[in-house]
Amino acid sequence: MGLLVSVLAVSLLAVGIAGPALAADSSIECAAGSGGGPVYVTDSGLEVADNTTAADEAYPAFPNDETVALEDANVSFAAAGLAELRLEARSVGLTCVAGVNASANDVLIDPAEGPELTINGSLEALSFGPLDFESDDADLTYDANDSVTLTLGDTGLDEGETVDVESLDSDAVDAEVDAGSNGTLSVELPAGIHRLSLSTASSGGGLPGLPPPPPDDGEPAAFEYAEAAVEPTEIDVGEEITASTTVTNVGDETGSHVVKLLVDGDVVAEESVSLAGGSSETVTLTTVLDAAGTVAISLGDESAGSVTVTDEEPGSDDDSGSPDPGSDDAGSDAGTDDGEPTPDPESDGDEDSGTPWLLITFGLLALVTAGVGVAYSQGYLDPYLPG
């Protein structure tokens, strides 16, 4: 684990400094030195042998009781207690350490530029260069007799971002690690010699020739209706009805859906809803019915029942018994103030009507006859009578 973190830290440091990069097929041959450089020991018990320079009586900086700072190499090492390592090679594109003993106390490798690396365990050798999450090339190589834990900090990754850690030589290392707070990565690595590639899921990395794993998607959005209803169920023409239903997204993904109100199969209103997976919402739609009759109401494919529409047109017969002025029965139903019908003077039913037309006729004839007789007796008619 410590080896992986060291490689990542040095890699990121190299990215920020101009210079050659670590080759993809870099090995740990750089750690085969025999030593001979100065050894620096902190008060805490950390021993750092610097085999990259000739013996020198000059001591490096000791910022505190547990840190050795090699200013010319722009890197420091720290441990809270007994620990040791040898620095065998260092450059802009390569850091190589050997004989790392960090079993009792973790060893921190902190370059001046780039991430820091913490090793927990023992390593025979470790080499690392610039870290490239977008490439399938080797980011570090290590040799360990036992499992080791490497923790890499300040990687620039977002918290929760996933990194694939894979061996380019075997399937002994094949893991996914999620970045912690501040982009920290912690990986436990098995014993053996391994060249490791680190890549983010977004980069499409992985072993050469193998596609990235498919995303673990949930069920797509799907919608179901329940408790569809309409009210009122009896109205007059021109009145409004209200239909409602509960819509549920039975899928896992968020999706949108259009709820349609149908009258006898024709869409008369609609409303769009957006629901997260597993959530529900009650949708209400209204419409006005302008034709008499019984109609079927539904919301999508879900029946909400039926509605009976009654036609109340002005001028139609009602319970008052008033006749239509334009009807044929208007004259026959009309009558006197007491409700009796007015007889036709020329009809044959005059006698039944109670009017004394015969007496009036005889009275008039009698008056005419009497008048003629008086006129004759008085001589008024003599000029008109023959001699």
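Residue numbers here run from 1 along each chain, matching the order of that chain's written sequence. Note on the predicted model: pLDDT of at least 70 is required for a residue's local features to be given, and 80 or more for side-chain atom pairs to be given and counted; whole-chain, interface and lining totals, by contrast, use all residues. Side-chain numbers here rest on the full set of heavy atoms in the structure, without hydrogens or water.

**Overview of the pairing of strand β8 (residues 140-144)**
Argument step 1. Across the five residues of β8, five count as buried, placing the element largely inside the fold.
Argument step 2. For every residue, the accessible area (1.4 Å probe, protein chains only) is compared with the maximum for its type, and the residue is labelled buried under 20%, exposed over 50%, or partly exposed between those bounds. A run of H or I in DSSP counts as a helix once it spans at least four residues, and a run of E counts as a strand once it spans at least two, with each numbered from the N terminus. The two faces of β8 match: Leu 140, Tyr 142 and Ala 144 on one face and Thr 141 and Asp 143 on the other face are all buried.
Argument step 3. Each pair of strands is called paired provided DSSP finds at least two bridges between the two strands. As judged from the five bridges shared by β8 and strand β13 (residues 192-200), these two strands associate in the antiparallel manner. Looking at β13, one finds that Tyr 142 is bridged to His 194.

**Digging into the pairing of strand β6 (residues 95-111)**
Argument step 1. Relative to β6, strand β4 (residues 75-78) is paired through four bridges, and the arrangement is antiparallel. Note that in β6 the partner of Ala 78 across the bridge is Leu 108.
Argument step 2. Bridging between strand β5 (residues 83-90) and β6 involves five bridges; their strand directions are antiparallel. Bridge pairing in β6 links Glu 84 to Asn 101.
Argument step 3. Where β6 lies against strand β7 (residues 116-128), 10 bridges are found, and the strand directions are antiparallel. Paired with Val 107 across the bridge in β7 is Ile 119.

**Some thoughts on the pattern of salt bridges**
Argument step 1. For salt bridges, the criterion is a side-chain nitrogen of Lys or Arg within 4 Å of an Asp or Glu carboxyl oxygen. Throughout the structure, instances matching the rule amount to two salt bridges.
Argument step 2. With its nearest N and O atoms 2.7 Å apart, the salt bridge here joins Arg 86 to Glu 88.
Argument step 3. Arg 195 is the salt-bridge partner of Asp 169, the closest N and O atoms lying 3.1 Å from each other. Separated by 26 residues along the polypeptide, Asp 169 in the loop between β10 (162-167) and β11 (174-178) and Arg 195 in strand β13 bring together distant segments of the chain.
Argument step 4. Asp 169 sits in the partly exposed class, given a relative accessible area of 45%.

**Observations regarding the sheet that holds strand β19 (residues 280-288)**
Argument step 1. What the three strands build is an open sheet, ordered β14-β16-β19; its pairing is antiparallel. Because the sheet does not close on itself, it has two edges, and the strands there are β14 (223-231) and β19. The mean inter-strand angle of the sheet, taken between neighbouring strand axes irrespective of direction, is 20 degrees.
Argument step 2. Pairing of β14 with strand β16 (residues 240-249), which is carried by seven bridges, proceeds in the antiparallel orientation. For Glu 224, the partnering residue across the bridge sits in β16 and is Thr 248. Axes here refer to lines fitted to C-alpha atoms; in helices the fit is confined to the stretch in contact. Angles between the N-to-C directions go from 0 to 180 degrees.

**Remarks on the side chain of Ser 197**
Argument step 1. Looking at the secondary structure, you find Ser 197 in strand β13.
Argument step 2. The contact definition used throughout considers only heavy atoms, calling two residues in contact when any of these lie within 4.5 Å. Beyond its immediate chain neighbours, meaning those up to four positions away, Ser 197 contacts Ser 135, Asp 136, Asp 137, Asp 139, Asp 164, Val 165, Glu 166 and Leu 168.

**Let's talk about unusual backbone geometry**
Argument step 1. In this structure, Pro 232 follows Glu 231 across a cis peptide bond, with omega equal to -10 degrees.
Argument step 2. Topologically, Pro 232 is positioned in the loop between β14 and β15 (234-236).
Argument step 3. Of note, Glu 227 is a non-glycine position whose phi angle comes to about 60 degrees, a positive value.
Argument step 4. On the secondary structure map, Glu 227 appears in strand β14.
Argument step 5. Among the residues examined, Glu 227 registers a relative accessible area of 67% and is labelled exposed.
Argument step 6. Phi angles above zero are rare outside glycine, and Asp 264 is one such case at about 55 degrees.
Argument step 7. Note on placement: Asp 264 falls in the loop between β17 (255-263) and β18 (266-275).
Argument step 8. Looking at Asp 264, the relative accessible area reads 48%, which means it is partly exposed.

**Quick word on the sheet that holds strand β20 (residues 293-299)**
Argument step 1. Across the sheet, which stays open at both edges, the five strands sit in the order β15-β21-β20-β17-β18 with mixed pairing between neighbours. This sheet does not close on itself; its edge strands, each paired only once, are β15 and β18. On average, adjacent strands in this sheet sit at an angle of 25 degrees to one another, irrespective of strand direction.
Argument step 2. Where β17 and β20 come together, three bridges link them in antiparallel fashion. What sits directly across from Leu 261, in β20, is Leu 299.

**Quick notes on a nonpolar patch on the surface**
Argument step 1. There is a patch of nonpolar side chains on the surface, built from Trp 357, Ile 360, Leu 364 and Leu 367 and spanning about 450 Å² of accessible area.
Argument step 2. Among the structural elements, Trp 357 can be located in helix α4 (residues 357-377). Like-charged residues within 9 Å of one another, or nonpolar side chains (Val, Leu, Ile, Met, Phe, Trp, Tyr) within 5 Å, are grouped into patches, provided each residue has over 30% relative accessible area and no salt bridge. Note on areas: Shrake-Rupley, 1.4 Å probe, and residue coverage restricted to the protein chains presented here.

**Some words on the confidence of the model for the protein chain**
Atom-level detail of predicted coordinates should not be read off regions where pLDDT is low.
Argument step 1. In predicted models, pLDDT denotes the confidence assigned by the predictor to each residue on a 0 to 100 scale. Summary statistics for the protein chain give a mean pLDDT of 77 and a share of 71% for residues scoring 70 or more.
Argument step 2. In this model, residues 316-339 is a region of pLDDT below 50 whose contacts with residues beyond four sequence positions or in other chains number 10 contacts.
Argument step 3. Below pLDDT 50 for its whole length, residues 345-353 participates in five contacts with residues either more than four positions away or in separate chains.

**Remarks on a negative patch on the surface**
Argument step 1. The grouping of Asp 171, Asp 174, Glu 176 and Asp 178 at the surface amounts to a negative patch.
Argument step 2. Relative to the helices and strands, Glu 176 is located in strand β11.
Argument step 3. For Glu 176, a relative accessible area of 56% translates into the label exposed. His is not counted, nor are the chain ends; Lys and Arg add positive charge and Asp and Glu add negative charge. All charge positions are set by atom: Lys at NZ, Arg at CZ, Asp at CG, Glu at CD.

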